[in-house]
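The lines below spell out each chain.
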Amino acid sequence: ELDVLLAAQSNHAAAADALRAAHAGHAAELAALREGHGGRLDGVERLLDEAINKHAKDALATHSKIDLAQAVERDARGDQHNRVLELFAIERDARAADHASLARRLDRLEQRASSPRPSSPGRPLPGKVVASSPSPQPPAPPAAAASSAAPLLAVAAAAAEANSGAS
């Protein structure tokens, strides 16, 4: 029985040596494959890193350009807004001046309409017929002046009523 065990052990030893030799061959083949593919993988990784870095640099440059364009646009919009505000102020001032001028003119017309005209005894007013009458009457305006002053007086009266009703 011991011989059988020794024979089995030597068969096992031979099989183990064959397995070790096959394993060493496979390990060498695997190392060669890894070395060949590893070099290719390193190349792919390097290309991928370069592409990522280039993309990041391009994206940063693009964002900088966009920020600059937005700043320029914001400044242009601010300048345009200020120009529009200046135009509004000019228009407002012009309207206020026109309004004040119109109000002064209406006040003068109302004053003239409410106060009698001074008459000099030696000079008759234009369009007035000098007649001797015991009570002095305010002179009547000439026909052309009366017809052109009537609408102005009506406007002045309407403005006065509107102002008195508003206050």
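Relevant structure appears above.
These figures come from a predicted structure and were not determined experimentally.

Participant: Explain a negative patch on the surface to me, please; I cannot follow it from the model alone.
Facilitator: A cluster of acidic side chains, namely Asp42, Glu45, Asp49 and Glu50, defines a negative patch on the protein surface. Take Asp49: it is sitting in helix H1 (residues 2-114).

Participant: Hey, could you run me through the pattern of salt bridges in this one?
Facilitator: Side-chain pairs of opposite charge can arise where the charged atoms are in close proximity. Under the counting rule described, the total for this entry stands at 4 salt bridges. Residue Asp17 pairs with Arg20 through a salt bridge whose shortest N-O separation is 3.2 Å. In this pair, Asp17 and Arg20 are both assigned in helix H1, 3 residues apart and thus about one turn of the helix distant. Residue Arg20 is classed as exposed on the basis of its relative accessible area of 57%.

Participant: What exactly am I supposed to notice about the environment of Ala159 here?
Facilitator: Take Ala159: it is sitting in helix H2 (residues 143-166). Along the sequence, Ala159 and Leu106 sit 53 residues apart, while their C-alpha atoms lie 8.5 Å from each other.

Rules behind the numbers
- Residues numbered from 1 in each chain as written.
- Predicted model: local features only at pLDDT ≥ 70, side-chain atom pairs only at ≥ 80, totals over all residues.
- Heavy atoms only, no water.
- Patch = residues over 30% accessible without salt bridge, like charges linked within 9 Å, V, L, I, M, F, W, Y side chains within 5 Å.
- Areas by Shrake-Rupley, 256 points an atom, 1.4 Å probe, with all protein chains shown as cover.
- Salt bridge = Lys/Arg side-chain N within 4 Å of Asp/Glu carboxyl O.
- Lys, Arg positive; Asp, Glu negative; His and termini not counted.
- Charge placed at Lys NZ, Arg CZ, Asp CG, Glu CD.
- Helix = DSSP H or I, 4+ residues; strand = E, 2+ residues; numbered from the N terminus.
- Buried < 20%, exposed > 50% of the residue type's maximum accessible area, 1.4 Å probe, protein only.

No statement about biological role is implied by the geometric values presented.
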